[in-house]
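Understanding the architecture of this molecule
The chain contents come next:
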Amino acid sequence: MSTSTPAENADATGSGQAAPARPRPELPPAGQTPVAQRPHGGAGDRLRLWWDALARPAQWAFGAPFVLFIALLPILNIPVLTTVGTNFGAVMAQFGMYALIAIGLNVVVGQAGLLDLGYVGFYAIGAYTLAILTSPDSPWNVTQPEGWLSDDWAWLAILPVAVAITAMSGLVLGSPTLRLRGDYLAIVTLGFGEIVRLLADNLDEITGGGQGLKSVAYPRLGVTEELPNGVFSAGNVGSTLNSGVWWFWLSLVFIIISLLLVGNLERSRVGRAWVAIREDEDAAEIMGVPTFKFKLWAFVIGASIGGVSGAIYAGQVQFVIPTNFNIINSVLFLCAVVLGGQGNKLGVILGAFIIVYLPNFFLGRTSLFGIPIDGNAIANYKYLFFGVALMVLMIFRPQGLIPVRQKLLTYGRELYVAARRTLAKVPDGGPQPAYATSAPSSGTAGTSGAPGAPAGSTGGHAPTGRGPDGPTDSDPTGNDGTTDGGNR
């Protein structure tokens, strides 16, 4: 067997002249391809590439109307989205709290790769800090007549204290336990969440025990004759702008602040360290990343965001009780992160919306698209449906509904596609602008110099196989019967 040469290819044309050289496609330098022209696949990649190609002012120009539309959802009461059995504003307020929790838990689970099953403990600490310092039933109330804090500013003044105490609890928990990994860390964090709940249930003199703490402080804004306690009061239920809408707007402000904070951290050295720890902690430590320090940072930042959500919850319901901070809620928080997409901030917000909205959507409904249903019974089986949904998701889309996409500094995927680009031509010799999955071959064998011809042929215009000119019309696969032709 022999391999054809350019001279033999020229003779095979029958003209005795060499075929004109085909122009080689110019490959752009690595990292200099416009964002919109980079390789992609699927609608999600197209949307990301379109968004990344926009300048920062353009991103704000598109993002601000979208955020405004989300903020107006409780007022618009769109028939397709609104709930029947409960107030849609209250549902959106609950979604705001869950979204904050999902963002904080995503820092721990999605970014740093730490399995935390007791995140509800931070949520409870934030809520109880506000309740203990502002409830009249607490011996540590600082808003009583002899106290030093006014009722009007109590919630806003205690919020930084709740965040600081929650962050400190994350530091205390993480310092001795973050050297553990995997299932061991999950068990420790699960125990932490149960310890916080049991302490709240047994410290009767401070937390009120099973009876809880009532009359917790909240922002006293918009005080009028019709609303003597302000717009954030639980008694504001009669108008379109009820207390749930106002709490949702307040939660939306903290969500935006948290997204900006976490987004800047992701693009910094801290975020790159988190990703390295998540992918392979041993390799990151060998490369000089102080893994324990960055894991502790993730724990503290995640705990702080959970504390904000707990303070919002305590102020909204104005009553805290230990049974609201059980392991079921902790699993629901983790379910929101896994369902939406670990590591993706917008994905976990979508997961939180699904967790909160779907049970409330069915609550009180007697028909759906003309089909009679028992909405209350469906809502009662929410845990079953979430479990089935997670199992299906783990089988068909384990990365979540909106998976994370890490930007490689070296544009590795772009280099891969550029390296695999084909130099094949169509049979008439024209260029074929397409991507191929393999590199072109140097030619096919023939004993007479006609590339791709059967063994023993003596020339002529035999059709070529998978040689430099690509597959032929007679055999589009390039399988011409030779033993060493084509790509190997």
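All figures in this text were calculated on a predicted structure; none of them were measured in a lab.

Conventions we followed
- Residues numbered from 1 in each chain as written.
- Predicted model: local features only at pLDDT ≥ 70, side-chain atom pairs only at ≥ 80, totals over all residues.
- Heavy atoms only, no water.
- Salt bridge = Lys/Arg side-chain N within 4 Å of Asp/Glu carboxyl O.
- Helix = DSSP H or I, 4+ residues; strand = E, 2+ residues; numbered from the N terminus.
- Buried < 20%, exposed > 50% of the residue type's maximum accessible area, 1.4 Å probe, protein only.
- pLDDT = per-residue confidence, 0-100.
- Contact = heavy atoms within 4.5 Å.
- Expected span 1.5 Å × (residues − 1).
- Polar contact = N/O pair within 3.5 Å; in protein donor to acceptor, adjacent residues only side chain to side chain.
- Phe/Tyr/Trp six-rings, centres within 6.5 Å; stacked < 30°, edge-to-face > 60°.
- Lys NZ or Arg CZ within 6 Å of the ring centre and 35° of its normal.

Opposite charge on two side chains permits pairing when their charged atoms draw close. Tallied over the full model, the rule gives seven salt bridges. Close ionic contact of E281 with R181 constitutes a salt bridge, the shortest N to O distance being 3.3 Å. Of this pair, E281 sits in helix α11 (residues 281-286) while R181 is found in the loop between α6 (154-177) and α7 (182-202), placing the two residues 100 residues apart along the sequence. Since its relative accessible area comes to 13%, E281 is described here as buried. Its salt-bridge partner being E279, residue R278 comes within 3.1 Å of it at the nearest N-O pair.

Residues of the protein with pLDDT of at least 70 account for 73%, and the chain-wide mean is 78. This model gives residues 407-412 a pLDDT under 50, and the stretch forms four contacts once residues within four places in sequence are excluded. This model gives residues 423-488 a pLDDT under 50, and the stretch forms 112 contacts once residues within four places in sequence are excluded.

Here we come to helix α9 (residues 243-266). Its 24 residues place the ends of α9 34 Å apart at the C-alpha level, agreeing with the 34 Å of an ideal helix rising 1.5 Å per residue. One side-chain oxygen at the N-terminal end of α9 lies 3.1 Å from the backbone nitrogen of G244; it belongs to N242.

Counted according to the given criterion, the structure contains 20 aromatic pairs. Pairing F353 with Y357 gives two aromatic rings, centres 4.9 Å apart and planes at 10°, and the pair type is stacked. With a gap of four residues between them, F353 and Y357 both fall in helix α14 (residues 345-362), about one helical turn apart. Counting every residue linked through ring pairs, the aromatic cluster contains F88, F95, F248, F353, Y357, F361 and F362. Lying across the ring of F361, R365 places its NZ or CZ 4.1 Å from the centre.

Below, the discussion takes up the side chain of Q111. Structurally, the position occupied by Q111 is in helix α4 (residues 88-111). For Q111, a relative accessible area of 2% puts it in the buried group.

The next thing to look at is unusual backbone geometry. A positive phi angle, near 50°, is found at N77, a position not held by glycine. Positioned with a positive phi, Q318 is a non-glycine residue whose angle comes to about 55°. Along the polypeptide, Q318 turns up in the loop between α12 (291-317) and β2 (319-320).

Further remarks concern α6. Helical periodicity: at 3.6 residues per turn, an α-helix aligns residues three or four positions apart in one direction. Here α6 spans 34 Å end to end across 24 residues, near enough to the 34 Å set by a 1.5 Å rise per residue. Listed in full, the buried residues belonging to α6 are A154, W155, I158, L159, A162, T166, A167, S169, G170, L173, G174 and T177. In the core, the buried residues of α6 are packed alongside α5 (120-134), α7, α9 and α12.

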